[in-house]
Amino acid sequence: MTERDDVDRIIAAWERERPDLDVSPFALLSRISRLDRYLDRVRRSVFVANGVETWEFDVLVALRRSGAPYTLSPGALVTHTMVTSGTMTNRIDRLEARGLVRRKPSPDDRRGVLVELTDAGRELVDQALTQLLDIEHQVVAALTPEQRAAGADILRTLTHQFDNLA
């Protein structure tokens, strides 16, 4: 077992003050919450260093993951980033103004539009992603590959119940 942490102390206090309650979910979920706050801070530092907002990175990586020619419909971007279509329109406008994406007519639908990652957008997202992964590898370095896989499986099981609510 590793050294006791703040969560262990919080659990012990609740067990002392409310022995009638099972506070065992805190052992996992409070640590997930704390880890989320830490990761948010380190991710933001990478984005700030690259001059990109978190929401911009979300859109750019969705396009980059789509593969060449790095285009998606605005509707697909809404699905990937879980925002409203109005919000996505605003985001595309702002990214287009920065020269990171461009709109082009859809070859399949005369009224449709595709959003395409520009070379500048691809360079920016590739650089930020490389830096982000360097930090995230440091975060998980204390775990063996087997522990990483087991942790991912556990978290997948927990999040699956929420994935079906959307």
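The structure presented is a predicted model; accordingly, all values stated were derived computationally and were not measured.

Chemist: Teacher, can you tell me more about the domain arrangement of the protein here?
Modeler: Many structure descriptions define interface size as the accessible area lost when the parts assemble. Along its sequence, the protein is carved into domain 1 (1-50) and domain 2 (51-165). Its C-alpha centre places domain 1 at a distance of 27 Å from the equivalent point of domain 2. Facing 13 residues of domain 1, the contacting portion of domain 2 comprises 14 residues. Overall, the association of domain 1 and domain 2 removes approximately 1,200 Å² of surface from exposure, summing both partners, and the carbon and sulfur fraction of that is 67%. Counting the surface domain 1 buries against domain 2, the share from its top three residues, Val46, Phe47 and Asn50, is 58%. Between the two partners, domain 1 and domain 2, sit one salt bridge.

Chemist: In this structure, what is going on with helix H3 (residues 54-65)? I would like to understand it.
Modeler: Spacing of three or four residues puts side chains on the same side of an α-helix, whose turn is 3.6 residues. Under the 1.5 Å per step criterion, the end-to-end length of H3 is 16 Å for 12 residues, consistent within 8% with the ideal 16 Å. When H3 is considered as a whole, its buried residues turn out to be Trp55, Glu56, Phe57, Val59, Leu60, Val61, Ala62 and Leu63. Gly67 lies just past H3 and shows a positive phi near 85°.

Cut-offs used in this document
- Residues numbered from 1 in each chain as written.
- Predicted model: local features only at pLDDT ≥ 70, side-chain atom pairs only at ≥ 80, totals over all residues.
- Heavy atoms only, no water.
- Domains from an automatic or database assignment.
- Contact = heavy atoms within 4.5 Å.
- Buried area = accessible area lost by both parts, 1.4 Å probe.
- Salt bridge = Lys/Arg side-chain N within 4 Å of Asp/Glu carboxyl O.
- Helix = DSSP H or I, 4+ residues; strand = E, 2+ residues; numbered from the N terminus.
- Expected span 1.5 Å × (residues − 1).
- Buried < 20%, exposed > 50% of the residue type's maximum accessible area, 1.4 Å probe, protein only.

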